[in-house]
Amino acid sequence: MRLIEHCSLTDKHSFHLNANARYWADFDHEDELRSILTDHRFTNLPHLVVGGGSNLLFKGDYPGLLLHPDMKGMEVVAEEKGTVLIKVGAGVVWDDFVAASVAQGWSGAENLSGIPGCIGASPVQNIGAYGVEAKDLIVGVEAIDMANGQPVTLTHADCHFGYRDSVFKHTLKNALVVCRVTFRLSTHFHPNLGYGDLAARVKASGNITSVLVRETILAIRQEKLPDPDIQGNAGSFFMNPVIPAAHYQSLLTTYPDMPGWPQGDDVVKVPAAWCIERTGWKGRQLGGAAVHDKQPLVLVNKGTATPADVLQLSAGIQADVLAAFGITLKPEVLFIEA
Ligand SMILES: Cc1cc2nc3c(=O)[nH]c(=O)nc-3n(C[C@H](O)[C@H](O)[C@H](O)COP(=O)(O)OP(=O)(O)OC[C@H]3O[C@@H](n4cnc5c(N)ncnc54)[C@H](O)[C@@H]3O)c2cc1C
């Protein structure tokens, strides 16, 4: 276990803003976590679990204890009917798990190649990309209850997965520390190329394998998304709004080119990036924060951004999108109170 008091967070989150935490604790075993949770120094302070910090916006210095699970290891726990069950430690980097499973010839996670962050956050966020979500792979989650240090096991159904959503953001918000996640992968390759131009890109490159799918996705992501180590960012800043179909139809009279993906009969998902671009925010800068000039859904730290710069930029975008389209953009990034 490692405890740091007055810990700089600049390198502990992908926005790389200047902020400090009162305490930061790394641990790689449940017993260490339990001893932290009963330490009288922390009992009256706020707690938050942080993995890779790739979806967080610190609004300023964090006044409490940040808990960083660092459990490692990937273990095959069962093999059944053309699938393998793999239990993975919360501290494993998500993409290391994907790379290792692709190298083993196991299929299912390759479309999620290149997503930053750690395993422990994958069920919390229900991460997704290129037509696959973590929920398609997760069998179960092992966690520790922060209130009493007791182990908790959740099945797939217990997690109540939704679009970038799960029980860990609602009734179990800030209640559990995820320590291990079990995934089911296939021992046979079933390509899932239905999203965007993935099929065309993969087919143009040759014989379709999971390695090729992974490499293609990594290349597309590199072209489209800014590298957080060069321009700090937290990926998609806003979620794609889902609006009533009648609202979408009325917007089409003014904006006939507005894209929309029906989600059942009554609602339509609209690309937040399109709304941001149409309100003129693409590439605009406020202080040290800017809207990325290729991907307007990503807000970036140009090097000197403060939390206030990012908040002002985000509020300006939300106000203009609301005024233009009557749509409220909800942040995908988690704002952490100072
Ligand atoms: C360049 C870039 C591209 C991205 N692309 C995608 C993408 O394609 N798809 C996608 O879905 N996301 C994407 N993201 C967002 C981000 O990578 C995911 O949300 C990721 O799961 C966050 O993991 P993390 O370990 O960094 O979690 P953090 O940002 O540290 O935490 C996120 C949330 O999970 C909670 N949490 C973290 N670990 C645990 C744990 N062990 N136990 C309990 N709670 C925990 C935190 O309290 C917080 O609420 C991207 C981000 C960046 C910077």
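A. Broad picture of the domain arrangement of the protein. Split by domain assignment, the protein resolves into domain 1 (2-69), domain 2 (74-224) and domain 3 (232-336). Each of domain 1 and domain 2 has a C-alpha centre, and the two are 24 Å apart. Each partner contributes to the interface: domain 1 provides 15 residues, whereas domain 2 provides 14 residues. Of all elements in the fold, only helix H1 (30-37), strand S3 (47-49) and strand S5 (62-69) reach the threshold of two or more residues within the side of domain 1 that touches domain 2. Looking at the side of domain 1 that touches domain 2 element by element, the count peaks at 4 residues for H1. Its residues assigned to classes, the side of domain 1 that touches domain 2 comprises 6 nonpolar, 6 polar and 3 charged.

B. Region of the structure containing H1. Every buried residue of H1 is accounted for by Leu 33, Ile 36 and Leu 37. Buried positions in H1, seen along its axis, are confined to an arc of 95 degrees and lie on one side of it. Residues of H1 that are buried make contact with strand S2 (20-27), S5, strand S10 (138-145) and strand S12 (176-186).

C. Spotlight on the nonpolar core. In terms of nonpolar packing, the biggest core is built from 85 residues, with Val 177 and Val 178 touching the most fellow members. Looking at this core, the element that brings in the most residues is S12, giving 7 residues. In this structure Val 177 touches Leu 33, Val 49, Leu 67, Pro 69, Ala 143, Ile 144 and Met 146, once residues within four positions along its chain are discounted.

D. Representation of unusual backbone geometry within the structure. One non-glycine residue with positive phi stands out, namely Lys 81, at about 40 degrees. Inspection of the secondary structure assignment puts Lys 81 in the loop between strand S6 (74-80) and strand S7 (83-89). Even without glycine at this site, Tyr 130 takes up a positive phi of about 50 degrees. With respect to the helices and strands, Tyr 130 occurs in the loop between strand S8 (128-129) and strand S9 (132-133).

E. Examining the sheet that holds strand S14 (residues 242-244) more closely. As summarised here, the arrangement of the 3 strands in space is S14-S16-S15, forming an open sheet in which the pairing is antiparallel. Because the sheet does not close on itself, it has two edges, and the strands there are S14 and strand S15 (261-262). Note that S15 and strand S16 (residues 267-269) share 2 bridges and pair antiparallel. Within the sheet, the bridge partner assigned to Pro 262 lies in S16 and is Val 268. The strands touched by helix H6 (residues 245-254) within the sheet are S14 and S16, with S14 carrying the most contacts at an inclination of about 90 degrees.

F. Main features of the sheet that holds S5. Spatially, 4 strands are ordered S1-S2-S5-S3 in an open sheet, and the strand pairing comes out mixed. Each of the sheet's edge strands pairs with one partner strand only, and the pair in question is strand S1 (2-8) and S3. Strand-to-strand twist of the sheet, defined as the mean angle between neighbouring strand axes without regard to direction, takes the value 25 degrees. With 6 bridges joining them, S1 and S2 adopt antiparallel strand pairing. In the sheet register, Glu 5 faces S2, and the bridge partner there is Tyr 23.

Cut-offs used in this document
Residues numbered from 1 in each chain as written. Predicted model: local features only at pLDDT ≥ 70, side-chain atom pairs only at ≥ 80, totals over all residues. Domains from an automatic or database assignment. Contact = placed C-beta atoms within 7 Å. Helix = DSSP H or I, 4+ residues; strand = E, 2+ residues; numbered from the N terminus. Nonpolar A, V, L, I, M, F, W, Y, C, P; charged D, E, K, R; others polar. Buried ≥ 20, exposed ≤ 12 C-beta atoms within 10 Å, placed from the backbone. Arc of directions from axis to C-beta. Core = buried A, V, L, I, M, F, W, Y, C linked by C-beta atoms within 7 Å. Pairing = 2+ DSSP bridges. Axes fitted to C-alpha atoms, helices over the stretch in contact; angles between N-to-C directions.

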